[in-house]
Amino acid sequence: MSRSFKIRDIEINPPLILSPMAGVTDVSFRRLIKGLGGVGLTVSEFISVEGLTRSNPKSKRQMRFYPDERPFAAQIFGGRPERMRMAAEMAEEVGADMLDVNCGCPAPKVVKHGGGSGLLKDHPRLETILREIKKTITIPLTVKIRAGFFDHTINAVETAKLAEDCGAEHIALHGRTKEQGYRGLANWDLVRQIKEVVKVPVSGSGDVTTIEGALARFAETGCDGVLIGRGAMANPWIFRQIEDTMQGREVFQPTLEDKRQLLLEYFDLLRADMPEAPAINRMKQLAGQFTRGLQGGALFRTAVYHSHSVDEILGRISEYFEAIEAGRPYFGEGAATEIVEAPELDSCEAASVAVQT
Ligand SMILES: Cc1cc2nc3c(=O)[nH]c(=O)nc-3n(C[C@H](O)[C@H](O)[C@H](O)COP(=O)(O)O)c2cc1C
């Protein structure tokens, strides 16, 4: 099985998308993952149109991308058609290959202003926004939606049809409702249902963490693409491994050295892009997910969490990998005795706190 799909004339090959995650999929993370292979499309974190159109430095930074990430979609969120239109134009101006409208974020701060998943319960507003944007940009317009707003108002199929009528050229569905947040499992049958009624390509999102999971979702739903978010933090090679399987190649298995290099490369990318303190926090975030299932991972995670400087983090990484490579047990040198649990990464909520709308 090997297939790609097109969003207008842009080939998404392989049909695997790094799902947008606010506070995670910034330019450094995307470059890291893209470099490992298997990613057919990268998407920015959701960017506030209110911030962007007022030249907020954070929003402008979020619009940056590396040329080697292409194809790249800029994702914007907001509830005001005029601001959405202006922001979409800015995305086209900076060279994004497509413009994605966020219709899924459940954060109260975003929904309150009509944006994110608020658009799922206000189709007239969604229609106005999409038509306004469509009038302005020439790059493809895409949408990322949720199953519905409330558990009793599931309307993903109607939302998808509306988006297509307004000119959207790709629909991505995260099959949970806004009410559901990140609880339970994503409903992939809705992806199948959307695929049956729209002509544009359809991709699904939610809970894909294994090769088998991705292949099963393609087979069950007939979807064109699969998005992977949280699974990419636990296993950054997942895209490449799925692609290997689709191409009938031997599946790449990262060595310990690959894992060490990945952490070091990510830290370098982060430090080149931001001050030390946020770079350290981002490292802790990745380490929290990445160490799940690694031998001695809990102690390593704890050691990283209790580090306060670049040198300390680098020291912990060396100690850990040297111990494991030498077959020695890792005792978490420098770590406090209390084990840090890997936190659940479960929303755009925390990231949106800083958002001005
Ligand atoms: C920390 C975090 C931040 C997220 N931020 C965004 C976002 O900015 N835009 C968006 O469309 N979806 C966002 N999502 C939703 C993901 O893109 C994805 O649809 C969801 O996590 C389900 O897929 P997964 O199980 O592969 O992670 C976010 C999810 C997480 C966990």
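Fair warning: this is a prediction, and the values are worked out from it, not measured in the lab. (Residues numbered from 1 in each chain as written. Predicted model: local features only at pLDDT ≥ 70, side-chain atom pairs only at ≥ 80, totals over all residues. Heavy atoms only, no water.)

Asn-13 connects to Pro-14 through a cis peptide bond whose omega is 0 degrees. Along the chain, Pro-14 turns up in the loop between strand E2 (10–12) and strand E3 (16–18). That bond from Arg-70 to Pro-71 is cis: its omega, -5 degrees, falls within 30 degrees of zero. Of note, Pro-71 is situated in the loop between helix H3 (57–62) and strand E5 (72–77). (Helix = DSSP H or I, 4+ residues; strand = E, 2+ residues; numbered from the N terminus.)

Right, let's get into the site of the ligand. In the vicinity of the ligand lie 19 residues, with Ser-19, Pro-20, Gln-75, Ser-205 and Asp-207 positioned nearest. Ala-22 has a polar backbone atom sitting 2.8 Å from a nitrogen atom of the ligand. Relative to its unbound accessible area of 610 Å², the ligand is 97% covered by the protein chains. In terms of residue class, the shell around the ligand is built from 8 nonpolar, 8 polar and 3 charged. A domain split of the shell around the ligand shows at least three residues from each of domain 1 (5–253) and domain 2 (255–357). (Near = heavy atom within 4 Å. Polar contact = N/O pair within 3.5 Å; in protein donor to acceptor, adjacent residues only side chain to side chain. Areas by Shrake-Rupley, 256 points an atom, 1.4 Å probe, with all protein chains shown as cover. Nonpolar A, V, L, I, M, F, W, Y, C, P; charged D, E, K, R; others polar. Domains from an automatic or database assignment.)

This brings us to the domain arrangement of the protein. The domains assigned to the protein are domain 1 (5–253) and domain 2 (255–357). Put simply, the middle of domain 1 and the middle of domain 2, counted by C-alpha atoms, are 27 Å apart. Every contact between the two is made by 35 residues of domain 1 and, on the other side, 27 residues of domain 2. Of the roughly 2700 Å² buried between domain 1 and domain 2 on both sides combined, carbon and sulfur atoms contribute 63%. Counting every contact that joins domain 1 to domain 2 gives 3 salt bridges. In this structure, the connection of domain 1 to domain 2 is made through 6 residue pairs in polar contact (both at pLDDT 80 or more). Elements with a minimum of two residues in the side of domain 1 that touches domain 2: helix H1 (27–36), strand E4 (41–48), helix H2 (49–52), H3, helix H5 (108–111) and helix H10 (230–234). Ranked by the residues each element gives to the side of domain 1 that touches domain 2, the list is headed by H1, at 6 residues. Each residue belonging to the side of domain 1 that touches domain 2 can be placed in one class, and the counts come to 19 nonpolar, 7 polar and 9 charged. (Contact = heavy atoms within 4.5 Å. Buried area = accessible area lost by both parts, 1.4 Å probe. Salt bridge = Lys/Arg side-chain N within 4 Å of Asp/Glu carboxyl O.)

Over its 13 residues, helix H4 (residues 81–93) runs 18 Å from end to end, which matches the ideal 18 Å to within 8%, given 1.5 Å per residue. In the core, the buried residues of H4 are packed alongside H2, E5, strand E6 (98–103) and helix H6 (123–136). Positive phi appears at Gly-95, one or two residues downstream of H4, with a value of about 100 degrees. (Expected span 1.5 Å × (residues − 1).)

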